[in-house]
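# An overview of the molecular structure
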Amino acid sequence: MKDLFKEAMSRFAAGVTVVSARHGEEERGMTATAFMSLSLEPPLVALGIWQGAKVLPLLEAAQAFAVSLLREGQEGVSEHFAGRPRDGVGLTAGRVEGALAVLRCRLEAVYPGGDHRLVVGRVEALELGEMGPPLVYFARGYRRLVWPS
Ligand code: FAD
């Protein structure tokens, strides 16, 4: 069942985000594809975050987090924040520089979800980067969206 579940889920195409939070001197980011827009009024987003992720206690302590929506070409950023470090990758002003968009959220709720937590945030501020193709993850690899020229 587990392998079949993973195989089925690998067939769901997703955009790639980095969720980040800061509390005191500590700041962490983590790559996540389990992201969705949840509500328009009020503006809510939701993320599925592994229960052992280091960013989880930080965003709970801060009661706030940011979500950077990665663009095509930011595979290295995604890999870095998934635990495969790359030189020169980090957070700038609490978010990923050059992202397609950044959502600054206040923590609304954290729900149990098996070995993950469903984190709901209320969007309080938005930054839009230059429009362009997103970073896409599908079938265990980074893919390109056909983008009109
Ligand atoms: P850490 O080990 O703390 O951080 C991960 C990496 O980010 C480390 O290399 C660390 O050096 C670096 N880093 C952290 N903070 C900073 C900082 N401030 N400055 C510079 N570098 C920093 N997991 C989920 O729970 N939900 C998902 O939806 C999800 N989707 C994924 C999608 C993809 C495409 C991939 C590749 C992984 C996904 N993961 C997801 C797995 C998740 O990204 C990893 O398990 C992650 O590394 C777990 O983070 P950690 O708490 O161990 O973080």
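Data block above holds the structure.
Since this is a predicted model, take the numbers as computed values, not measurements. (Residues numbered from 1 in each chain as written. Predicted model: local features only at pLDDT ≥ 70, side-chain atom pairs only at ≥ 80, totals over all residues. Heavy atoms only, no water.)

### Description of the nonpolar core
The following threshold applies: For our purposes a nonpolar core is just a set of buried Ala, Val, Leu, Ile, Met, Phe, Trp, Tyr and Cys residues, chained together by side-chain atoms within 4.5 Å. Three labels apply to residues, based on accessible area from a 1.4 Å probe with only protein chains included: buried if under 20% of the type maximum, exposed if over 50%, partly exposed otherwise in between. Secondary structure is summarised from DSSP: a helix means a run of H or I of at least four residues, a strand means a run of E of at least two, and numbering begins at the N terminus for each. Residues count as neighbours in contact if any of their non-hydrogen atoms are within 4.5 Å of one another.
Counting 19 residues, the largest nonpolar core has Val-19, Leu-47, Ile-49, Leu-59, Phe-65 and Val-119 as the members making the most contacts within it. Of all elements in the fold, only strand E2 (17-23), strand E3 (26-32), strand E5 (44-50), helix H2 (55-62), strand E6 (64-69), strand E7 (101-113) and strand E8 (116-128) reach the threshold of two or more residues within this core. With 4 residues, the top contributor of residues to this core is H2. The residues contacting Ile-49, other than those within four sequence positions of it, are Val-19, Met-30, Val-55, Leu-56, Leu-59, His-116, Arg-117 and Val-119. Counting residues in each nonpolar core, the second largest holds 7 residues, with Val-18, Leu-70, Val-77 and Val-96 among its members.

### Comments concerning the environment of Lys-6
Assignment of secondary structure puts Lys-6 in helix H1 (residues 2-9). Classification of Lys-6 as partly exposed rests on a relative accessible area of 48%. Here the alpha-carbon distance between Lys-6 and Ala-34, two residues 28 residues apart in the chain, equals 14 Å.

### Some points on the sheet that holds strand E1 (residues 14-15)
We apply this condition: By definition, two strands form a pair when at least two bridges between them are found by DSSP.
If you walk across this open sheet you meet the 3 strands as E1-E9-E10, and the pairing is antiparallel. Each of the sheet's edge strands pairs with one partner strand only, and the pair in question is E1 and strand E10 (141-143). Taken together, the 2 bridges between E1 and strand E9 (residues 136-138) define a ladder with antiparallel strand orientation. The residue of E9 that forms the bridge with Gly-15 is Val-136.

### Some words on the pairing of E8
Note that E5 and E8 share 7 bridges and pair antiparallel. Note on E8: the bridge partner recorded for Trp-50 is His-116. As paired elements, E7 and E8 share 12 bridges and run antiparallel to each other. Within E8, the residue paired with Ala-101 across the bridge is Leu-128. What sits between E7 and E8 in their antiparallel hairpin is a turn of 2 residues, with Gly-114 showing a positive phi close to 65°.

### Some details on the site of the ligand
Let me state the cut-off plainly: Neighbouring residues are identified by heavy atoms, a residue being near a molecule or strand if any of them is within 4 Å of it. Polar contact is the term for a pair of N or O atoms within 3.5 Å; when the atoms are in protein, one must be able to donate a hydrogen and the other to accept it, and sequence-neighboring residues count only if both atoms are side-chain atoms. Each accessible area is a Shrake-Rupley estimate made with a 1.4 Å probe; only the visible protein chains count as cover when residues are assessed. For this scheme, ten residues count as nonpolar: Ala, Val, Leu, Ile, Met, Phe, Trp, Tyr, Cys and Pro. Four count as charged, namely Asp, Glu, Lys and Arg, and the remainder, Gly too, count as polar.
In the region of the ligand, 24 residues are neighbours, and Arg-28, Thr-31, Trp-50, Lys-54 and His-80 sit closest. Here a nitrogen atom of the ligand and a backbone polar atom of Gly-29 are 3.0 Å apart. Between a nitrogen atom of the ligand and a side-chain N or O atom of His-80, the distance comes to 2.7 Å. Considered on its own, the ligand offers 980 Å² of accessible surface; in the complex 77% of this is hidden by protein. Contributions of two or more residues to the shell around the ligand are made by E3 and E5. Take the shell around the ligand: its biggest share by element is 6 residues, from E3. Of the residues assigned to the shell around the ligand, the class counts are 12 nonpolar, 8 polar and 4 charged.

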